[in-house]
Amino acid sequence: MDKVYAPHELERRIYERWESHGWFAPRGEGAPYCIVIPPPNVTGTLHMGHAFQHTLMDALTRYHRMRGDDTLWQPGTDHAGIATQMVVERQLNAEGRKRTDLTREAFLERVWKWKEQSGGTIASQMRRLGDSVDWSRDRFTMDPQLSRAVVEAFVRLHEEGLIYRGKRLVNWDPVLLTALSDLEVQSTEEEGHLWHLSYPFENGSGHVIVATTRPETMLGDSAVAVNPDDERYRHLIGKSLRLPLTGRLIPIIADTYVDPAFGSGCVKITPAHDFNDYEIGLRHGLAQINIFTPRAALNENVPERFRGLDRFEARKRIVAELTDAGLVARVDKHKLTVPRGDRSGAVLEPYLTDQWYVKIAPLAEPAIAAVEQGRTRFVPENWTKTYFEWMRNIKDWCVSRQLWWGHRIPAWYDEQGKPYVGRDESEVRSRHGLAGNVTLRQDEDVLDTWFSSALWPFSTQGWPGKTPDLAKFYPTSVLVTGFDIIFFWVARMMMMGLKFMGEVPFRDVYITGLILDENGDKMSKSKGNVIDPLDIVDGIELEPLIAKRTSGMMQPQLASKVEKATRKQFPEGIAPHGTDALRFTFAALASPSRELRFDLSRVAGYRNFCNKLWNAARFVAMSAGDPGPGASVERSAAASQPAELSVADRWIRSRFGRMVGTVETAFRDYRFDYAATALYEFTWYEFCDWYLELTKPVLQASGPESASEAAKRGTRLTLVGILEALQRALHPLMPFITEEIWQRAAPLAGRAGPTVMLERYPSPADFPTDEQAEREVAWLQAFILAVRQIRGEMNIAPSKRIPVLLKGASVRDEDYANRHRSYLERLAGIDTLTVLDPGTQAPQSATALIGELTVLVPMAGLIDAAAEAERLGKLLVKAQQELAKTRVKLSNENFVRNAPAAVVTTEREREADFERQVTSITAQLERVRGMLNA
RNA sequence: AGUCGCGUAGCUCAGUGGUAGAGCACCUCCUUGACAUGGAGGUGGUCGGUGGUUCGAUCCCACUCGCGACUACCA
């Protein structure tokens, strides 16, 4: 094995081997375990959030595969209607063309071409991340079979009256020229004005003041509303006003919607351009006067001089004319929330159009019940509330989009514009008895992308067919996703899954945190703080990184700022870390917190961890006499010869079993951070720091000190056995390095198999707890740490061997000390070990306490008395503080009376221990001070 | 306005009704044959504030200050 861990080469090689052998496919036996991937945009690239979630999904997948489950991680991509269409339109724009210069067919051809060209990016990124998805089942939301599912779902919902077509106000994007659902609206708080306008009475006897943030909409006013209980205006109800600039007469109406305390207490009502006004208009039978074109310019329903003006231009003109007419009573600065399209960023308009809607309440009801009944569980649990909040206030879902890229709505219109819904045109004709001479025209619109996403857990498994996959893998086991798409996706999958499959789509929903940059900012192109996960894996020089971050920006003027920040943050570029280090970082980061700051220094730490593991494997291979990779398993025959396990061997097996138990619990609870921590601590602090060191006296000693062959054999077996099992334990989080090491360790450990990914996950039952070994090694560790502390604080060179004396040793202490002398010599740098008889005068020494045993390091020639006095002083202060605390507690009668007996006992023991320490340290300190004064 | 969350070491974060933890950073020492991407030792915190419940609160409750996310709405 190479001295330094070099991930790059081995990761590609290993992944190709896994994939070419088809090992990612479900094995066909065991309990089904299934995760469907949240399908990324087919033309997109994976960002840090994807890499994070994929790590967790892959860890679950590999873990369950190794547990023997029939495991499927279902891959796929999403056509992402608006996003993809926008990208291709931008490409056309760059060529000086518009979408509408092309036919629909030609444009779609172009989008498909772009999809083929860029669609492989995601897959290759996923391969680099080690994602063990079953590529043979790769799906795309616009595959023929998935498109069939979309049509089927639409038709069935329509048949049940759960999809309807209606003319009502929608969120209209005047730039993209399409309707949007409520969820695609981003409310932004912006500075604006509140104009107070005078509307004169018809008879010229005065006026009322209305306040508005959108004066241009006055041209579409149908009424002015006041609160029926508002004394100021009650007598005006029913009177007519003459709408300025138009001369139209509009009534004053009464509606409790009006808040008398806000503004003037009079509200202009524009039913065609405001959601609240729309409702009021319906209640009062008001005219809906649409004054905008689809691009939000004024249309023919306004006085001629305003026609064709853009809405913002119109606002200026109208305010100017009203001001000239003396009808602007006041203008206040006002903060308002402006609705913008989440893709285009354009200010949206409530706009009257014909659209298709999903009647959502009947679908939401069972979806709420399913979570209430615990048939689907949110992890962390508190997201349940968010889900309920939204589901209980949900409004009908506008699913039609005026785009070209997507699933075309399966509705046909006759010449009178009457719609017929069906699976295809011939079904429509036969069902409705439409003769061949009746001209039918299919709806031009497509469905919201999320409509097909909502079917994903079952459309990917063959629905509407009744396939074996569907029977096996639905419901899926867990959905792993971010909280940002609970409404967009999770809730809709719940509704559609229950509707069409009669069962929830997933048992658990694990909501991950959001990956932020190291300052706690969202990663975005415009902020220039995006990191490509593969740049962490492979590393990237500074200049290419800057180029990557500043190219193709929506706002190129920010480029210099981004460049500066990048230079500051990564003056040396980004070093290569390898996939395993990145994955381990993500796992370690995955606490239940909803925001997770990504810190590159953490990845460096886990890269070091990989290197540590690598070198531990090298040590084991050397110690076990590695015959090289690919060696036969013959050596395992040696295992039948007598072997004797040392206390250290028994200890590490026991500790490994405990660790695996912790990891099992962690995986069950989706606490990847706990799993990572347990694995990290075991590997580094127990296996490397202690166990490997404890094997050295056994394996490396020669001459009369040499251990027996049986003991050596026992240690070698344990070394390779734990190393091998550790690779299995680490594999779900770090698939590559563990495969590489396992290939060498498995034959040494007498295991045969083509790959670690198909081996069984270690079980705590195979590594039972050995309390006795744990106690004994704990004693050893305490002893060694005590001597090391003295050595460290006194700056005794590690190469300097020192004598150690023991005072107050019990029979057990003496036994341990004698039996483990070789460990103590090696790990604590001890030269001679002498047990003092009671009453013997000890030389001046630095001391440490282990229970009642005192460890003495003679000071002569080694230790500076002043330094020792200082060290003891610090220890004394600590012991005194702790003693004081326990005494306060124990002197409290209520504590002794009310606290559980075990707690009181522990406290008494602590008191005794600290008393002993204080006495001993005080005496020792006096002696050392005596030396100083002498 | 509603819902949810956060505030713990210099930084990023775990955590528990009974002895406050990790990584990174920092200080001292060490190139000993797995590993300097390393080893040994160490410094560092009135757990945002106030009050309550409790024998005991960083943890539970109330209030409060600061920060954030989401949802709805402000004519």
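Note: the structure precedes this text.
Residues numbered from 1 in each chain as written. Chains lettered and ligands numbered in written order. Predicted model: local features only at pLDDT ≥ 70, side-chain atom pairs only at ≥ 80, totals over all residues. Heavy atoms only, no water.

K.L.:
Describe the sheet that holds strand β7 (residues 185–200), with residues and values.
P.N.:
Pairing is antiparallel in the open sheet, where three strands are placed in the order β8-β7-β13. Strands with a single pairing partner mark the edges of an open sheet, and in this sheet they are β8 (207–212) and β13 (328–341). Across the sheet, the mean angle separating the axes of adjacent strands is 20 degrees when strand polarity is ignored. (Pairing = 2+ DSSP bridges. Helix = DSSP H or I, 4+ residues; strand = E, 2+ residues; numbered from the N terminus. Axes fitted to C-alpha atoms, helices over the stretch in contact; angles between N-to-C directions.)

K.L.:
Explain the protein's contact with RNA strand B residue by residue, including any values.
P.N.:
For RNA strand B, the set of nearby residues contains 60 residues, the closest of which are Ala211, Thr212, Phe262, Val267 and Tyr685. Asparagine 276 has a polar side-chain atom sitting 2.6 Å from a phosphate oxygen of RNA strand B. Considering each element in turn, the surface near RNA strand B owes the most residues, ten residues, to helix α20 (residues 600–623). Among the residues making up the surface near RNA strand B, the classes are represented as 21 nonpolar, 19 polar and 20 charged. (Near = heavy atom within 4 Å. Polar contact = N/O pair within 3.5 Å; in protein donor to acceptor, adjacent residues only side chain to side chain. Nonpolar A, V, L, I, M, F, W, Y, C, P; charged D, E, K, R; others polar.)

K.L.:
Summarise the pairing of strand β23 (residues 506–512); cite the residues concerned and give the values.
P.N.:
Along β23, six of the seven residues are buried, which leaves the element largely enclosed by surrounding structure. Relative to β23, strand β15 (residues 377–379) runs parallel, the two being bridged by three bridges. Bridge pairing links phenylalanine 378 to valine 509 in β23. Pairing between strand β22 (residues 476–482) and β23: six bridges, direction parallel. The residue of β23 that forms the bridge with valine 478 is aspartate 508. (Buried < 20%, exposed > 50% of the residue type's maximum accessible area, 1.4 Å probe, protein only.)

K.L.:
Describe the nonpolar core, with residues and values.
P.N.:
Ranked by internal contacts, the top residues of the largest apolar core, which has 207 residues, are Phe451, Phe687 and Phe783. For this core, the element with the most residues is helix α22 (residues 672–700), which contributes 16 residues. Look past the residues within four positions of phenylalanine 451 in its chain and what remains in contact with it is Val150, Ala153, Phe154, Leu157, Ile163, Val358, Trp397, Val399 and Met496. (Core = buried A, V, L, I, M, F, W, Y, C linked by side-chain atoms within 4.5 Å. Contact = heavy atoms within 4.5 Å.)

K.L.:
Requested: an account of the packing of helix α2 (residues 48–66) against helix α19 (residues 579–589), with residues and values cited.
P.N.:
With their axes 9 Å apart at the nearest point, α2 and α19 run at an angle of 90 degrees to one another. One finds that α2 runs roughly perpendicular with respect to α19. Contact residues: Met48, Ala51, Phe52, Thr55, Leu56, Asp58, Ala59 and Arg62 in α2; Arg583, Phe586 and Ala587 in α19. Along the lines of polarity and charge, the residues of the contact of α2 with α19 split into seven nonpolar, one polar and three charged. (Parallel < 35°, antiparallel > 145°, perpendicular 65-115°, else oblique.)

K.L.:
Could you give an account of the packing of α22 against helix α23 (residues 709–730), with specific residues and numbers?
P.N.:
At a minimum axis distance of 11 Å, the contact between α22 and α23 shows a crossing angle of 165 degrees. Between α22 and α23, the crossing angle belongs to the class labelled roughly antiparallel. Crossing angle aside, the handedness with which α22 passes α23 is left-handed. Residue-level inspection shows Leu679, Phe682, Thr683, Phe687, Tyr691, Leu692, Thr695, Val698 and Leu699 of α22 in contact with α23, the latter providing Ala711, Lys712, Thr715, Arg716, Thr718, Leu719, Ile722, Leu723, Leu726, Ala729 and Leu730. Within the contact of α22 with α23, the residues separate by chemical class into 14 nonpolar, four polar and two charged. (Left-handed = near helix turned anticlockwise from the far one by under 90°.)

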